[in-house]
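Coordinate inspection notes
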Amino acid sequence: ITNSCAVFFPCRCHHCPHLPTRPYEKSEKPCMLSEYRERYPPYPITLPRGLFKPKKAYKMAQIPMEGISTTKRDYIAHEVLPQKLKPPEKHVKSDESMDLTSTYKQDYNSYPISQVPPCLPRVTRHIPSAKMDTRTTYEGDYVLWNEPKTELIRPNERFHPSEEKFDHRTIFQDDYLYRGPVATQSCKPRKLVQKSKAPFENITNYRVNYVPHPLEKHYIHKYEKYKVNEVPFDSLTTHKVSYKGLAGQPAKLAKPCKLKLLHDLPFSSTTEFQEKYQAWPRPPVFAKKPDVYLPPLEKMDLHTTTQIHYKHPNGKPAKMCQTLAQLKISTEPFSSSSTMKEDYKPWLCKRLKPITCVPELTFPAKPMDFLTTFQTHYVPHPLTVTKSYKPGWSGPKHHTLLDAKTTYATSYTPKGIVRCLASYKHPPGYVFEGTDADGHNLYLPASTSECLQGGH
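In what follows, the accompanying structure is described. (Residues numbered from 1 in each chain as written. Predicted model: local features only at pLDDT ≥ 70, side-chain atom pairs only at ≥ 80, totals over all residues. Heavy atoms only, no water.)

1. Here's the deal with the overall build of the chain
Counting its regular elements, the chain contains 13 helices and 2 strands. Taken across its 456 residues, the chain has 3% of its residues classed as buried. A separation of at least 24 residues holds for 68% of the contacts in the chain among residues at least 6 apart in sequence. Surface summary for the chain: the accessible area is close to 52900 Å², and the carbon and sulfur share equals 59%. (Helix = DSSP H or I, 4+ residues; strand = E, 2+ residues; numbered from the N terminus. Buried < 20%, exposed > 50% of the residue type's maximum accessible area, 1.4 Å probe, protein only. Contact = heavy atoms within 4.5 Å. Areas by Shrake-Rupley, 256 points an atom, 1.4 Å probe, with all protein chains shown as cover.)

2. Brief notes about the packing of aromatic side chains
Counting across every chain of the model gives 6 aromatic pairs. When the ring of tyrosine 138 is compared with that of tyrosine 142, the centres are 4.9 Å apart and the planes differ by 25 degrees; the resulting orientation is stacked. Owing to a relative accessible area of 57%, tyrosine 142 belongs among the exposed residues under this scheme. (Phe/Tyr/Trp six-rings, centres within 6.5 Å; stacked < 30°, edge-to-face > 60°.)

3. Regarding the environment of aspartate 301
With respect to the element layout, aspartate 301 can be found in the loop between helix H8 (272-276) and helix H9 (305-309). Here histidine 303 takes part through its backbone nitrogen, which lies 3.3 Å from a polar atom of the side chain of aspartate 301. (Polar contact = N/O pair within 3.5 Å; in protein donor to acceptor, adjacent residues only side chain to side chain.)

4. Details of unusual backbone geometry
A positive phi is found at phenylalanine 370, a non-glycine position, where the angle reads about 60 degrees. One can find phenylalanine 370 in the loop between helix H10 (339-343) and helix H11 (373-377). A relative accessible area of 65% places phenylalanine 370 in the exposed class.

This is the structure:
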């Protein structure tokens, strides 16, 4: 049996982009076989043909160039006259007095200001009568030992400075002597250019080649007068003329009906991984039994190395380090005066009255109506119904019904849904042949396999 007759079942849903899992051949490239690549093979790329467009070679004109530009020809300089300034009007002082009142001063009345008492609760302080022990924990716990002062470990001072005087001279002052200025000779070349006494010629190529030509008269375009069209406007558009309203039935749905599957076989939920890779039996975990705790018969020595080695030299209990000089409590009353209270005394400040102008404020006796200018002036009016001046359709009406058939509904007939052969565990009508190097299953049609076996 040859492998050329074998059939491979890849499709777009069952694409194999992974590396092979079987030990046939080792290759790092993934398998890119699919139904699309088998049906539509790549074609050779053809290069586009070249352009037959003739090349435009620039031909230089033999006519000499004019020295006149479009701006010089069209825009003529006009005479600019000085701008006339309008004299400002004189200010005339009016005799009327200015009303300094405002809506805020008229509507919002001022009320007397009263100080708000504080809402904080009173703080009751408890002053103890017992005397305060000013002795700290450091003085009570840490006691000085009567030990001799340790000597400092210093190296022997062998360095002794010399008694000779320092001359304050450097190596530069001793070795490098001043030789005086050196006379150098200049190697700069001399200027041998001789100035000519002849006058400078101011003739250039522009003045020789470009000759001024006489200016032509500027062409002025004459506008024609507008003539009113005497034909009346028909107010018809292309939409009104071409698209006529035809009465017809609503379009029917052209969606094809869903056909039921021809087979009723249940889909197998088992996979290749579940069939081949099964769980191994796990041995029981070995657990060691803990030993029974037996308390020791000997008593524990509670002495530490610090208690054994570091002992007090004198062996006497520590004394109190409280100072003999006790504080003398004075019976005189405490003076609460300070430099701040004596020098910086509060001033007697009075509240300043508002500075009002000569025309005093006059509050109206009537209560405020709280109406705005919008509520008083803008009165709502009834809505006006506008009349439609759209012309009626004067054309004929067709009573022919609209054909609901389309090209899609007539040409494209619904086709049955075919199940992919790769979804079967054993595809019907095919015989299993073997597996390739990438691990894919190869099948042969039943008719070809019987012919091959009969021939052998």
